[in-house]
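Listed here are the chains, written in short residue letters.
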Amino acid sequence: MTKVSPEVGDKMQEEIVLSVSADVSFASNHFPKYKLGPDNQILEEPKVDPKAPSLKEVVTRETSLLVEQQKRLSVRDLASKFDKNLSAAAKLNDEARLREVASLEGHVLLKKLRDALESIRGRLAGRNKEDVEKAISMVEALAVKLTQREGELIQEKFEVKKLANFLKQASEDAKKLVNQERSFACAEIESARAVVQRFGEALEEQEKNSQSSEKQLQGDVEGLTDEVQEARKIRRMHQPGKVMDMEHELRALRIQIREKSLFSVKLQKELEISKRAEENPSRLYELNGSETLGSYLQIKPCYDKAPELLKCSIQWYRVLSESSKNEPISGANKSIYAPEPLDVGRILQADIVSNGQKATVMTTGPIEPAAGLGSYVDTLMRKTNTEFHVVISQINGQDHPSHSVHVLHVGKMRMKLCKGWITKARESYTASMQLCGVRGAGNAAAKALFWQARKGHSFVLAFESERDRNAAIMLARRYALDCNVMLGGPDDRA
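The following refers to the structure shown. The structure displayed is predicted, hence computed values, not measured ones. (Residues numbered from 1 in each chain as written. Predicted model: local features only at pLDDT ≥ 70, side-chain atom pairs only at ≥ 80, totals over all residues. Heavy atoms only, no water.)

On to the pattern of salt bridges, then. Tallying each qualifying case throughout the model produces eight salt bridges. Arg318 serves as the salt-bridge partner of Glu327, at 3.3 Å between the closest nitrogen and oxygen. Here Glu327 falls in the buried class, since its relative accessible area comes to 3%. The exposure class of Arg318 is buried, given its relative accessible area of 0%. For Arg478, the salt bridge identified is with Asp378, shortest N-O distance 2.8 Å. Of the two residues, Arg478 sits in helix 7 (residues 466-482) while Asp378 sits in helix 6 (residues 373-381), which places them 100 residues apart along the sequence. For Arg478, a relative accessible area of 30% translates into the label partly exposed. Given the relative accessible area of 39%, Asp378 is considered partly exposed. Several salt bridges share partner residues, and in doing so they unite Arg318, Glu327, Glu340, Asp343, Arg346, Arg439 and Arg477 into one network. (Salt bridge = Lys/Arg side-chain N within 4 Å of Asp/Glu carboxyl O. Buried < 20%, exposed > 50% of the residue type's maximum accessible area, 1.4 Å probe, protein only. Helix = DSSP H or I, 4+ residues; strand = E, 2+ residues; numbered from the N terminus.)

Right, let's get into the packing of helix 6 against helix 7. Remark: helix 6 packs on helix 7, axes separated minimally by 10 Å, with the N-to-C direction vectors making an angle of 55°. Comparing the axis directions of helix 6 and helix 7 gives the class oblique. The crossing of helix 6 and helix 7 is right-handed. Every residue of helix 7 that contacts helix 6 at Leu373, Tyr376, Val377, Asp378, Leu380 and Met381 is listed here: Arg467, Asp468, Asn470, Ala471, Met474, Leu475, Arg478 and Tyr479. (Axes fitted to C-alpha atoms, helices over the stretch in contact; angles between N-to-C directions. Parallel < 35°, antiparallel > 145°, perpendicular 65-115°, else oblique. Left-handed = near helix turned anticlockwise from the far one by under 90°. Contact = heavy atoms within 4.5 Å.)

Next up on the list: a nonpolar patch on the surface. A cluster of nonpolar side chains, Leu250, Leu253 and Ile257, forms an exposed patch at the surface whose accessible area comes to about 300 Å². Within the element layout of this structure, Leu253 appears in helix 5 (residues 240-279). Classification of Leu253 by relative accessible area gives partly exposed; the value is 46%. (Patch = residues over 30% accessible without salt bridge, like charges linked within 9 Å, V, L, I, M, F, W, Y side chains within 5 Å. Areas by Shrake-Rupley, 256 points an atom, 1.4 Å probe, with all protein chains shown as cover.)

Right, let's get into the sheet that holds strand 6 (residues 327-328). Within the open sheet, the four strands sit side by side as 6-5-8-9. Their pairing is antiparallel. One side of each edge strand has no neighbouring strand; the edge strands of this open sheet are strand 6 and strand 9 (357-362). Summarising the sheet, strand 8 (residues 347-354) and strand 9 pair through six bridges and their orientation is antiparallel. Paired with Ile352 across the two strands is Ala359, which belongs to strand 9. (Pairing = 2+ DSSP bridges.)

Moving on to helix 7. Here helix 7 is 17 residues long and its end C-alpha atoms lie 25 Å apart, about the 24 Å a rise of 1.5 Å per residue gives. Residues Asp468, Arg469, Asn470, Ala471, Ala472, Ile473, Met474, Leu475, Ala476, Arg477, Tyr479 and Ala480 constitute the buried set of helix 7. Where helix 7 terminates, the next one or two residues include Asn484, which has phi positive at roughly 60°. (Expected span 1.5 Å × (residues − 1).)

With antiparallel pairing, the three strands of this open sheet are ordered in space as 3-4-7. A strand with exactly one partner marks an edge of an open sheet, and here the two such strands are strand 3 (285-288) and strand 7 (336-337).

The next point concerns the environment of Ser137. Mapped onto the elements, Ser137 comes out in helix 4 (residues 127-237). Judged by relative accessible area, which is 4%, Ser137 ranks as buried. The spatial distance from the C-alpha of Ser137 to the C-alpha of Arg114 is 9.2 Å, given a sequence separation of 23 residues.

For the rest of this paragraph, the subject is the nonpolar core. Proteins that are soluble and globular tend to have nonpolar side chains buried together. Within the largest apolar cluster, 31 residues are counted, with the highest numbers of intra-cluster contacts made by Leu408, Val410, Tyr429, Trp451 and Leu461. For this core, the elements supplying multiple residues, two or more each, are helix 6, strand 10 (385-395), strand 12 (405-411), strand 13 (414-419), strand 16 (448-454), strand 17 (457-463) and helix 7. With eight residues, helix 7 is the single largest residue contributor to this core. Once you skip the residues sitting within four places of it in the chain, Trp451 turns out to touch Leu408, Met415, Leu417, Ala425, Met433, Gln434, Leu435, His457, Ser458, Phe459 and Leu461. By size, the runner-up hydrophobic cluster in this structure holds 18 residues, among which are Leu287, Ile314, Ala332 and Val361. (Core = buried A, V, L, I, M, F, W, Y, C linked by side-chain atoms within 4.5 Å.)

Dropping the structure here:
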């Protein structure tokens, strides 16, 4: 096959071959397009707008539009859209078939034209023969282009068929979905009708009940009105001033009864002391002070000839009722001792030894709890952390010269002593920690406690009041017990 030269187009525009055929014109640089009409007449194919989109672009655009609108369309609209696209795909398929028929007609026409040119080339010579050969080359190139176009048409036809099948399947699925939704809607409508009917019956019954209840309510209102009027009459008959006077008198009587009961308890204790003095006329010492938590007990001599307490050896004990042995209180060897929460409910005893002679004094009864302390501690237990203002008296047994106020934090897991941002001690509840009241520190013992944060690191802290000191001890011991730690003083029994 002869190749087409790029100079053919320019030469063909300058010359016209007159002797080739009466129906063939080479006025352009490409072979003209023809179409067979009736009686095998050669008709010129209508021109196609080069700006018009191809079939492949149309299919791609329609597919993208379907994908974008699928989420916005309802089920019924989606089904109708699929049906429309299915019909459009069918039309595209028909157009592809027509183009395939036209392509076959074009191949037939090109073959006839090439045969005619071959026959003409055998009868010509010279320059006309060369022009005919160029025309044959152009026909062959046009045949190649037609073959390529047929391949593109086949690909487009395949895509159109694929799209048609997809749209058909989607249309069937949409119809199934429409039927399913229709059945669901019918079922919901029936259930809604049943619910409406039940509501109607309930409203009718409620109306009947409301009518009966209105009648009953009217009767109750009338009865209440009568009672209110009767109460107003009774209120007019009584004078509120007399009732207030009676309440004040009752309050005063309660206060007097409380004072007399306390006085009677004091008299009973004095009577017990006097009985002991009569039973033991030779006793040298006695205990003074209130036998309640928050006060302090002091040993005093009964006679001037009694040995001085500073020259005597003193030891305080907790009397154990369940055994004959008493529990010595470690460090309590002064003439003054302030009971702590561990002493509540126990009898305290002190032994005074001088020149080989021992004298014993003890409380008339068990140490009584402080009034309102238990409820106060229960209130503090609701917090996660409680703060107390304290002053450090001693650190590791040495007097602390500074009297600045510190803050003692008693928490659920640990205790902390600090002043502003400076932390003196912060320790969790462990077996090495000790906490108790100060044992022998004069009149201030009722407001002070001993705290050993860890071994070799201890403090003596003075509180603002006896209540705060005892509350801090009880609170810390409860939190420590929650951590399975028995918090006490030196050598205290669990």
